[in-house]
Amino acid sequence: MTDPHPSNRRILLVTGMSGAGKSTALRTFEDMGWETVDNLPLSLFDKLFETGVPLDPAKAERSIAIGIDSRTRGFNANAIVQRIKALNKSHALEIETVFLDCGGRELERRFSETRRRHPMALDRPAAHGIGREREIMMPLRRWAAHVIDTTDSAANDLQKELRARFSSKSAEELVVTVASFGFARGILRNADLVFDMRFLRNPHWDKELRPLTGLDAPVGAYIAEDVAYEEAVGRIEDLALLLLPRYQAEGKAYVTLAFGCTGGRHRSVHVAERVAERLRKAGFSPTVAHRDLAFPSLDSVERVAAGENGNAGE
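Residues numbered from 1 in each chain as written. Predicted model: local features only at pLDDT ≥ 70, side-chain atom pairs only at ≥ 80, totals over all residues. Heavy atoms only, no water.

Novice: Please explain the packing of aromatic side chains as it appears in this structure.
Specialist: Within a pair of aromatic rings, the relevant descriptors are the distance that separates the centres and the angle that separates the planes. All told, the structure shown has 5 aromatic pairs when counted by the stated rule. A ring pair is formed by Trp-34 and Phe-166, whose centres lie 6.3 Å apart and whose planes are at 85 degrees; its orientation type is edge-to-face. Of this pair, Trp-34 sits in the loop between helix H1 (22–31) and strand E2 (35–38) while Phe-166 sits in helix H6 (residues 155–166); the two residues are 132 residues apart in sequence, bridging distant segments of the chain. This pair shows no difference in class: Trp-34 is buried, exactly as Phe-166 is. Counting every residue linked through ring pairs, the aromatic cluster contains Phe-29, Trp-34 and Phe-166. (Phe/Tyr/Trp six-rings, centres within 6.5 Å; stacked < 30°, edge-to-face > 60°. Helix = DSSP H or I, 4+ residues; strand = E, 2+ residues; numbered from the N terminus. Buried < 20%, exposed > 50% of the residue type's maximum accessible area, 1.4 Å probe, protein only.)

Put into structure tokens, the structure is as follows:
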């Protein structure tokens, strides 16, 4: 008898806040070769999960991503969570959930720019619908195996994140991301471990180094001259190498290590690159992402964000 749930076939429930990127996510899964369907009625939702029969029999071997949100008729987050728990417990299906989240102000901005009305606030300000929807969706957010915050992400960033998480890598392989960011533009929201590099000497205040970045050797050499650099970064590397296997042993599939400085162009970039290289030598395959590298280096940002006088901290 043919197994209706091939081991290489994944079933993913894609949900989250309206405006957080569900449509982009489903298009990305489709580009990756998944079968996708959006706003599946809950009656068909139950039937699909009970039988495991694909919507298109010709795609039986393909993974499937099902989009569902608060607009779906009869939507009940608690009921959906309980149904997923029951199916997973019975081993009839292996259903994963990804929840796309986003900050309220950013969602308001997106709805304003697109001139769309929030689906839960058709005759009221978008903020009202966002707050109401967040409350309704909370059970799914708490249950989701994958929570991705898109507040600071463009559509392309979300696509890269989904490809990194749901590519054909072995399910047992830990997906590690090493990222840099600038505190002046907000902390990296999807980070598991955050390290503040603002204690290191700041290349921004050297006129020759300011136009460069942490990817340039002169900047790295300048930072490495700090008396605390070698011991501090070495201890961070040792901590990462201690924790990552433990995370993996506990079943965690994705870990993001984030390094921050004020502008996100010099110290955080350099340290992220160094730590990623150490992880590669230890057998990991980290993805490196520099969120704020493209932003200009400005004195006003450096001073205001870090309370600096021009001699220390970025």
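There is more to say, and it comes next.
Novice: What exactly am I supposed to notice about empty space enclosed by the protein here?
Specialist: In this approach, a probe sized like a water molecule rolls over the atoms, and the result shows the empty space that is left. Throughout the structure, instances matching the rule amount to 1 cavity of 30 Å³ or more. Considering only enclosed or pocket space, the largest cavity measures out at about 60 Å³ in volume. As for the largest cavity, its lining consists of Glu-161, Ala-164, Arg-165, Val-175, Thr-177, Tyr-254, Val-255 and Thr-256. Taken together, the elements giving at least two residues each to the lining of the largest cavity come down to H6, strand E6 (175–182) and strand E8 (254–261). Tallied by class, the residues present in the lining of the largest cavity amount to 4 nonpolar, 2 polar and 2 charged. (1 Å grid on protein atoms, 1.4 Å probe; cavity = no way out; pocket = protein on both sides within 12 Å on 5 of 7 lines; lining within 4 Å. Points joined across faces, edges and corners; volume = space filled by probe spheres on them. Nonpolar A, V, L, I, M, F, W, Y, C, P; charged D, E, K, R; others polar.)

Novice: Would you explain H1 in this entry?
Specialist: An α-helical segment advances 3.6 residues per turn. Residues three or four places apart therefore align on the same side. Residues of H1 that are buried include every one of Lys-22, Thr-24, Ala-25, Leu-26, Thr-28 and Phe-29, and no others. Packed against the buried residues of H1 are strand E1 (11–16), E2, strand E3 (64–67), strand E4 (95–101) and H6. Directly beyond the C-terminal end of H1, a positive phi value near 95 degrees is found at Gly-33. (Contact = heavy atoms within 4.5 Å.)

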